[in-house]
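Topology and contacts: notes
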Amino acid sequence: MENMETSADVTSSIPADSGVDISPKMDGGILKKIIREGTGTETPSPGSKVTVHYVGTLLDGTKFDSSRDRDSPFEFVIGKGSVIKAWDIGVATMKRGEIAVLTCAPEYAYGKAGSPPKIPPDSTLIFEIEAIDWLGEDLSVRKDGGVLRYVLEEGEEYSTPNDGALVQVHLTGKYSGNVFEEREVTFPLGEGSEYGVCEGLERALEKFKKGEKSRILIKSKYAFKDKGNPELNIPPNADIEYIVKMISFEKSKESWSLDSDGKLEQAKLFKDKGTHYFKNGKYVLAAKMYKKLNSYVEHSSGFEGEKEEERKALLLAGHLNLAMCYLKLDQFLEARNECDNALKLDPYNIKGLFRRGQANLGMGEPELGKKDFEAVLGIEPKNAAAANHVAICVKAMKEQKSREKTIYANMFEKFAQRDKAKEEEWKRKQPDVMKTLGEWGQDEREREMTDFERENPNILMLNRTGEFKNM
């Protein structure tokens, strides 16, 4: 045991000027010494993709790895555990262009196991790291870099707002370096467009903690798109940024946390909201509300008697109203699916049949649409709207058949022209029998020989030349 290096020995072998302690527990596990100051004030936050150069050595100076020797910078995402703890913690404190030396105790590096064969067990490691650059955390749905977050001030705890949470935020919006709006706003998350909050910013707020302050870079397709915002002097296809402070938020009540009465209450609330947005022509927002309605009453567990009947009625209304939203948005497949869901609850529901007929007609399937409208007439023979739509479907079917007839006629004509062209091409490739001497070519003369001539070649010669040969 006398050859084993104790922790006291390791500590004593670390140079006294190794830097300041930046370990979370202030236990001396990560010492940082800045060799070259960086620029700006931002540092990479959890989720940021950073690019660094590094040289790693043991305490005795033995180099075990170097991106500089490979002339290939290294990339990793802060806070994902893809590197040793000392890097996740230490690099997060660095500015762009900064070069620093991190002295990392084993518990913040490779621990008791080490990383054989180059890194022995219980090794303290020294890394010289240059923070070349980084991209913020990508919060876009498609992970296409459309919404990037740079944390300026960390938030409290770990909780983040859920869909429908009431959030209070302070916003400073910038375009080309100029402030176009600065305000404090409170709104339910998911309804931001009603409050002038663009899609990308609302998406980012879903990841905010209370007290967090961040810079959010938003590409145009997640901001004001190709229309821009004339009121804010934002041109079409403009990329923007926001400095956002999450002041507070109150989470929306989750379905699992409510009893049957609470679920019915929330479902009614979202039904009313959906109706309000629908009447104002805000069909996307209305659809969101009806989806929320359905989420509270889609399962029957816990509902009995009158409450079960009320649940079914609300769920039926949710599917039917959502179908109407999709029809307004020309999303006919989605509309038909919602009608199917409604008709599972009530197979003879006139609204469900009629709206499914509209969806089928919109999808270019008038025969199916006609069946739905005729089903409505079977229930309500005097339904003028259904009768009118049957006529529309019949007309559409006739037009469809006429188009198909024209298409097929043109198709057959093209096939005939193609076959004729092939036949003419074949004829052009046949040999010209008139090119040889005489009226017929040699091959034709040979084809003219009779069986008798073939058996009596001398007669053949007499017939052809007037002489006998080889008698």
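For clarity, every value in this text was computed on a predicted model and none was experimentally measured.

**Details of the confidence of the model for the chain**
Mean pLDDT over the chain stands at 89; residues scoring 70 or higher make up 87%. Predicted confidence is poor over residues 436-441, with pLDDT under 50, and the contacts of this stretch with residues over four places away or in other chains come to six contacts. Confidence over residues 459-471 falls short of pLDDT 50; this stretch has 15 contacts with residues more than four positions distant or in other chains.

**Digging into the sheet that holds strand β12 (residues 213-218)**
The strands that make up a sheet are held in pairs by hydrogen bonds between backbone atoms, and each pair lies either parallel or antiparallel. Strand order in the open sheet formed by six strands is β8-β9-β12-β13-β10-β11, with antiparallel pairing between adjacent strands. Single-partner strands in this sheet number two, and they are β8 (137-138) and β11 (178-188).

**Thoughts on the packing of helix α6 (residues 283-297) against helix α7 (residues 305-328)**
The contact between α6 and α7 brings their axes to 9 Å, and the two run at 155 degrees. What the angle tells us is that α6 and α7 run roughly antiparallel. For the pair α6 and α7, the crossing hand works out as left-handed. Along its contact with α6, which presents Y283, A286, A287, Y290, K291, L293, N294 and V297, the element α7 presents R311, L314, L315, G318, H319, N321, L322, C325, Y326 and K328. For the contact of α6 with α7, a count of residues per class yields 11 nonpolar, four polar and three charged.

**Some remarks on the nonpolar core**
Counting residues in hydrophobic clusters, the biggest one holds 28 residues, and the most contacted among them are F76, W87, V91, F127 and I129. Among the secondary structure elements, those contributing two or more residues to this core are β3 (49-58), α3 (85-90), β6 (99-104), β7 (125-135) and β9 (147-153). Residue contributions to this core peak at five residues, all from β7. If near-sequence neighbours (up to four positions away) are discounted, F127 is found in contact with Y54, V55, G56, F64, I84, W87, A100, V101, L102 and C104. V197, A204, I234 and M246 belong to the second largest nonpolar core, which has 27 residues in total.

Conventions and cut-offs
- Think of each chain on its own: its residues are numbered from 1, step by step along the sequence as written.
- Owing to the predicted nature of the model, reporting of local features is limited to residues with pLDDT of at least 70; listing and counting of side-chain atom pairs is limited to 80 or more, with chain, interface and lining totals taken over all residues.
- Here the side-chain values reflect all heavy atoms present in the structure, with hydrogen atoms and water set aside.
- Residue-level confidence of the predictor is summarised by pLDDT, bounded by 0 at the bottom and 100 at the top.
- Whether two residues are in contact is decided by their heavy atoms: any pair within 4.5 Å suffices.
- Think of it this way: DSSP has to see at least two bridges between two strands before they count as a pair.
- Here a helix means four or more residues in a row that DSSP labels H or I, a strand means two or more in a row labelled E, and each is numbered from the N terminus.
- Interaxial angles span 0 to 180 degrees and are taken between N-to-C directions of axes, which are lines fitted to C-alpha atoms, for helices over the stretch in contact.
- Angles are sorted into four bins: roughly parallel if under 35 degrees, roughly antiparallel if over 145, roughly perpendicular if 65 to 115, and oblique for all others.
- Left-handed is the label given to a crossing in which the near helix is rotated counterclockwise from the far helix by less than a right angle, and right-handed is the label when the rotation is clockwise.
- Amino acids are sorted into nonpolar (Ala, Val, Leu, Ile, Met, Phe, Trp, Tyr, Cys and Pro), charged (Asp, Glu, Lys and Arg) and polar (every other residue, Gly among them).
- Among buried residues, those of type Ala, Val, Leu, Ile, Met, Phe, Trp, Tyr and Cys that are joined through side-chain atoms within 4.5 Å constitute a nonpolar core.
- Burial status follows relative accessibility: with a 1.4 Å probe on protein chains alone, a residue under 20% of its type maximum counts as buried, one over 50% as exposed, and anything between as partly exposed.

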